[in-house]
Amino acid sequence: QVQLVESGGGLVQPGGSLRLSCAASGFTFSVHAMSWYRQAPGKERELVASITRTGSSTNYTDSVKDRFTISRDNAKNTVYLQMNSLKLDDTAMYYCRVRIWANDYWGQGTQVTVSS
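Residues numbered from 1 in each chain as written. Predicted model: local features only at pLDDT ≥ 70, side-chain atom pairs only at ≥ 80, totals over all residues. Heavy atoms only, no water.

**Some thoughts on the packing of aromatic side chains**
- Under the definition given, this model contains three aromatic pairs.
- Ring centres of Tyr37 and Trp106 lie 4.9 Å apart, and the angle between their planes is 70°; on these two criteria the pair is classed as edge-to-face. Taken together, the positions of Tyr37 in strand 4 (residues 34-39) and Trp106 in strand 10 (residues 103-106) put the pair 69 residues apart, joining distant regions of the chain.
- Between Tyr95 and Trp106, the ring centres sit 6.4 Å apart and the planes meet at 90°, which makes this aromatic pair edge-to-face. Of this pair, Tyr95 sits in strand 9 (residues 92-100) while Trp106 is found in strand 10, placing the two residues eleven residues apart along the sequence.
- We classify Tyr95 as buried; its relative accessible area is 13%.
- Ring-pair connections join several aromatic residues into one group, and the members of that group are Tyr37, Tyr95 and Trp106.
- Sitting over the ring of Tyr95, Arg45 keeps its end group 3.8 Å from the ring centre.
- Geometry around Phe29 places Arg72 over its ring, the cationic atom sitting 4.3 Å from the centre. (Phe/Tyr/Trp six-rings, centres within 6.5 Å; stacked < 30°, edge-to-face > 60°. Helix = DSSP H or I, 4+ residues; strand = E, 2+ residues; numbered from the N terminus. Buried < 20%, exposed > 50% of the residue type's maximum accessible area, 1.4 Å probe, protein only. Lys NZ or Arg CZ within 6 Å of the ring centre and 35° of its normal.)

**Some thoughts on the pairing of strand 7 (residues 68-73)**
- In strand 7, alternate side chains face the same way, and those of Phe68, Ile70 and Arg72 are buried while those of Thr69, Ser71 and Asp73 on the opposite face are not.
- For strand 7 and strand 8 (residues 78-83), the ladder comprises six bridges, and the chain directions are antiparallel. From the neighbouring strand, Ile70 faces strand 8, where its bridge partner is Leu81.
- Connecting strand 7 to the next strand, strand 8, in antiparallel fashion are four residues, including Asn77 with a positive phi near 55°. (Pairing = 2+ DSSP bridges.)

**Focus: the nonpolar core**
- By size, the foremost hydrophobic cluster in this structure holds 28 residues, and its most contacted members are Trp36, Leu81, Met83 and Tyr94.
- For this core, the secondary-structure elements that each account for two or more residues are strand 3 (18-25), strand 4, strand 5 (46-51), strand 7, strand 8, strand 9 and strand 11 (110-114).
- Tallying contributions element by element places strand 9 first for this core, with five residues. (Core = buried A, V, L, I, M, F, W, Y, C linked by side-chain atoms within 4.5 Å.)

**A few points about the state of the cysteines**
- Under the counting rule described, the total for this entry stands at one disulfide.
- Between the sulfur of Cys22 and that of Cys96 lies a disulfide, 1.9 Å long from S to S. On the S-S bond that ties Cys22 to Cys96, the torsion sits near 45°, and the link is right-handed. Pair noted here: Cys22 is in strand 3 and Cys96 is in strand 9, with a separation of 74 residues, a long-range link. By the burial criterion, Cys22 is buried, and Cys96 matches it. (Disulfide = S-S within 2.5 Å.)

So this is what it looks like as structure tokens:
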């Protein structure tokens, strides 16, 4: 079965960095685009970044452009989110997602808390 396991979250000060990882299994990772979403308390889940199956193209929501970088390693079945210059507003639960045949699969999430 499809499994997505996020890791790498934690508590960081404003201006700091974190690298999230999402380890995938149960499907052919290299043929699917991958995405990172986040959800802050009281807010809707929002798309943060996405990457095509080869990694040749990426997209970001405006609020994280030039600060976050999505990447993937198809040999390791893993997608990453490098987050730099973190802000208080980046505090949220971060999830990775894959869509397979119109079905969405999500990981359990990893908490990122930006606080001084």
